[in-house]
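# A structural walkthrough
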Amino acid sequence: MTVPRQRDPRPTGATAGRPRASRLARLRRVPPLHLLLGATGTLLAVGVVMVLSASAGGRTVADGMVLTVFARHLIFLLLGVGAFALGMWVSPVRLRRWTPWLLFGCLAALVLVLVPGIGEVRGGARRWISVAGFTVQPGEAAKVVLLLWGAHVLALRGRAVRHGRYAVLPLVPVALLAGALLMLQPALSTTVALGVIVLSLLFFAGAPLVLLAGLSGGALLGVAVLGLTADYRRDRISTFLGAGDELGAGYQSRQALLSLADGGLFGTGLGQGRAKWDYLPNAANDFIFAVIGEELGLVGGLAVLALYLLLAWVGLRVAARTRDTFLRLVTAATATWVVVQAVMNVGYVVGLLPVTGQQLPLVSAGGTALVSTLFLLGLVANAARRVR
């Protein structure tokens, strides 16, 4: 008597990948707009909690400034939500009509901020203009305006962008002019972000790869030269290479690594971190990821990074399905810019990049950067609600 063979219940071959494939398929069935709103809203919520935690220590407590820092963040967050709604419902055709005028106004603001008495100097840089008691950074607006105007110009060029000169003119010369004005402040990190935006626009518009390689090489060479033209930038590079003073230019980087080490796998607990007690300067701004790593641990830090990856995936997916060339370029460039900025911030916090001063998008203490980022993500939502 023969005993029938029983089927092995363990998945093998093609069936082994079905559960994972089904999960990915379920994620793809979720409307892109819902994923975008979910990822953006979660990052904003993380930012609110962590800004409050990071500002509740050290001098802010002694000076009674805890609620001041938090209230300022909430005000810019509300302005950013309004900017998101505007971007989500604005007509792309009407927005394109305004881009040349926005560009002119932005270049004028970059000139005005350099005028003594108009631009405010902080930490040796003249980057801020005070308006109704609040300070705004024309450099942050420049990134948004150049992205919009660049997408408008490249959309008009169409397939002609595949020929190098139609891709370069007039976008690259205008970007170089804006970068030169930014370096007079000086603002190297904003200039680098401007370069990332221009290259991403050209890439998604279909510019020749040889041209992109040449522009990228020139940009890297320019950043290297500019990095050596100021003492504080040279100190940051020396610190990154391991030759800097840990109590001088390398102090923040050293304290950030110590905070991440203290956090371990699951963190010290929300609000229980020690870095914000004047051990880590700018804990609520440039180095807020160090506070996240200390209080929420490696798990919390990876969860935040996963949200940025989701944001990038949704943005590029929406761009691939958007018929309007202008919105497609804006969506793809915005997704690239947000993720690259997050990578730059996390990179220098964990010691993989020199300190550049880039904020963590949607999470760092609010300002003009938060409002401008939410406006661009609103345009991504504008494109997402038009696709199925």
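One can find the structure itself at the top, above this paragraph.
All of the points below concern the structure found in this document. For clarity, every value in this text was computed on a predicted model and none was experimentally measured.

The next thing to look at is the overall build of the protein. A tally of helices and strands in the protein yields 15 helices and three strands. Every one of the 388 residues in the protein was classed for burial, and the buried ones make up 46%.

How two aromatic rings sit relative to each other is set out by the distance from centre to centre and by the angle between their planes. Under the counting rule described, the total for this entry stands at two aromatic pairs. Seen in terms of ring centroids, Phe-203 and Phe-204 are 5.1 Å apart; in terms of plane orientation they differ by 80 degrees. Their pairing is edge-to-face.

Let us now look at a nonpolar patch on the surface. The grouping of Leu-265, Phe-266, Leu-298, Val-299 and Leu-302 at the surface amounts to a nonpolar patch, some 510 Å² of accessible area in total. For Leu-298, a relative accessible area of 47% corresponds to the partly exposed category.

Turning our attention to helix α5 (residues 92-112). For α5, built from 21 residues, the straight-helix expectation of 30 Å at 1.5 Å per residue is met to within 8% by its first-to-last C-alpha distance of 29 Å. Its maximal kink placed at Thr-99, α5 deviates by approximately 40 degrees, while the proline Pro-100 follows within four residues. Considered for burial, the residues of α5 that qualify are Pro-92, Leu-95, Arg-96, Thr-99, Leu-103, Cys-106, Leu-107 and Leu-110. Close packing links the buried residues of α5 with α6 (138-157), α8 (171-183), α14 (325-349) and α15 (368-384).

To continue, consider the pattern of salt bridges. When the charged atoms of two side chains with opposite charge come close together, those side chains can pair. Applying the stated criterion across every chain yields a total of two salt bridges. Across the salt bridge formed by Asp-262 and Arg-274, the nearest N and O atoms sit 3.3 Å from each other. Remark: Arg-274 occurs in the loop between α12 (251-263) and α13 (288-320) and Asp-262 occurs in helix α12; sequence separation between them is twelve residues. Residue class for Asp-262 comes out partly exposed when judged on its relative accessible area of 39%.

Here Gly-179 shows up in helix α8. Take Gly-179: its relative accessible area is 8%, and that puts it in the buried class. For the pair Gly-179 and Gly-139, spaced 40 residues apart in sequence, the C-alpha separation works out to 9.3 Å. In contact with Gly-179, other than residues within four places in its own chain, are Thr-191 and Leu-194.

The next subject is the packing of α6 against helix α9 (residues 188-205). Running from amino to carboxyl end, α6 crosses α9 at an angle of 15 degrees, the nearest separation of the two axes being 10 Å. Between α6 and α9, the crossing angle belongs to the class labelled roughly parallel. The chirality of how α6 crosses α9 is right-handed. Taken together, the residues of α9 that come into contact with α6 (itself represented by Gly-139, Ala-142, Lys-143, Leu-146, Leu-147, Gly-150, Ala-151 and Leu-154) are Thr-190, Ala-193, Leu-194, Ile-197, Val-198, Leu-201, Leu-202 and Ala-205. Broken down by class, the residue content of the contact of α6 with α9 amounts to twelve nonpolar, three polar and one charged.

Now for the nonpolar core. Grouped together as the largest cluster of nonpolar side chains are 51 residues, with contacts concentrated most on Leu-43, Ile-292, Tyr-308, Leu-311, Leu-360, Leu-362 and Val-363. Among the secondary structure elements, those contributing two or more residues to this core are α2 (32-55), α4 (66-89), α13, α14 and α15. If you look at the next biggest cluster of nonpolar residues, it comprises 46 residues, including Leu-182, Val-198, Leu-212 and Val-330.

Another aspect to go through is the environment of Leu-362. Tracing the sequence through the fold places Leu-362 in the loop between α14 and α15. A relative accessible area of 3% places Leu-362 in the buried class. The spatial distance from the C-alpha of Leu-362 to the C-alpha of Leu-44 is 5.5 Å, given a sequence separation of 318 residues. Setting aside its immediate chain neighbours within four residues, Leu-362 contacts Thr-40, Leu-43, Leu-44, Gly-47, Leu-311, Leu-370, Thr-373, Leu-374 and Leu-377.

Their axes nearest at 9 Å, the elements α6 and α14 cross at an angle of 145 degrees. Note on packing geometry: the crossing formed by α6 with α14 is right-handed. Contacts between α6 and α14 involve Lys-143, Leu-147, Leu-148, Ala-151, His-152, Leu-154 and Ala-155 from the first element and Thr-325, Phe-326, Leu-329, Val-330, Ala-333, Thr-334, Trp-337 and Gln-341 from the second. Among the residues forming the contact of α6 with α14, the class breakdown is ten nonpolar, four polar and one charged.

With respect to the helices and strands, Ile-237 occurs in helix α11 (residues 231-240). Looking at Ile-237, the relative accessible area reads 27%, which means it is partly exposed. Spatially, the C-alpha atom of Ile-237 lies 9.8 Å from that of Ala-224, the residues being 13 residues apart in sequence. If we skip the residues at most four places from it in the chain, Ile-237 touches Gly-227 and Leu-228.

Cis peptide bonds are those with omega within 30 degrees of zero, and the linkage from Leu-169 to Pro-170 qualifies with 0 degrees. Among the secondary structure elements, Pro-170 is positioned in the loop between α7 (164-168) and α8. Cis rather than trans, the peptide bond between Gln-185 and Pro-186 has omega equal to -5 degrees. By secondary structure assignment, the location of Pro-186 is in the loop between α8 and α9. In this model, Leu-362 sits at a positive phi of 70 degrees, which is unusual for a non-glycine residue.

Thresholds, definitions, all that
Residues numbered from 1 in each chain as written. Predicted model: local features only at pLDDT ≥ 70, side-chain atom pairs only at ≥ 80, totals over all residues. Heavy atoms only, no water. Helix = DSSP H or I, 4+ residues; strand = E, 2+ residues; numbered from the N terminus. Buried < 20%, exposed > 50% of the residue type's maximum accessible area, 1.4 Å probe, protein only. Phe/Tyr/Trp six-rings, centres within 6.5 Å; stacked < 30°, edge-to-face > 60°. Patch = residues over 30% accessible without salt bridge, like charges linked within 9 Å, V, L, I, M, F, W, Y side chains within 5 Å. Areas by Shrake-Rupley, 256 points an atom, 1.4 Å probe, with all protein chains shown as cover. Salt bridge = Lys/Arg side-chain N within 4 Å of Asp/Glu carboxyl O. Expected span 1.5 Å × (residues − 1). Bend = angle between axes of the 7 residues up to and from the residue. Contact = heavy atoms within 4.5 Å. Axes fitted to C-alpha atoms, helices over the stretch in contact; angles between N-to-C directions. Parallel < 35°, antiparallel > 145°, perpendicular 65-115°, else oblique. Left-handed = near helix turned anticlockwise from the far one by under 90°. Nonpolar A, V, L, I, M, F, W, Y, C, P; charged D, E, K, R; others polar. Core = buried A, V, L, I, M, F, W, Y, C linked by side-chain atoms within 4.5 Å.

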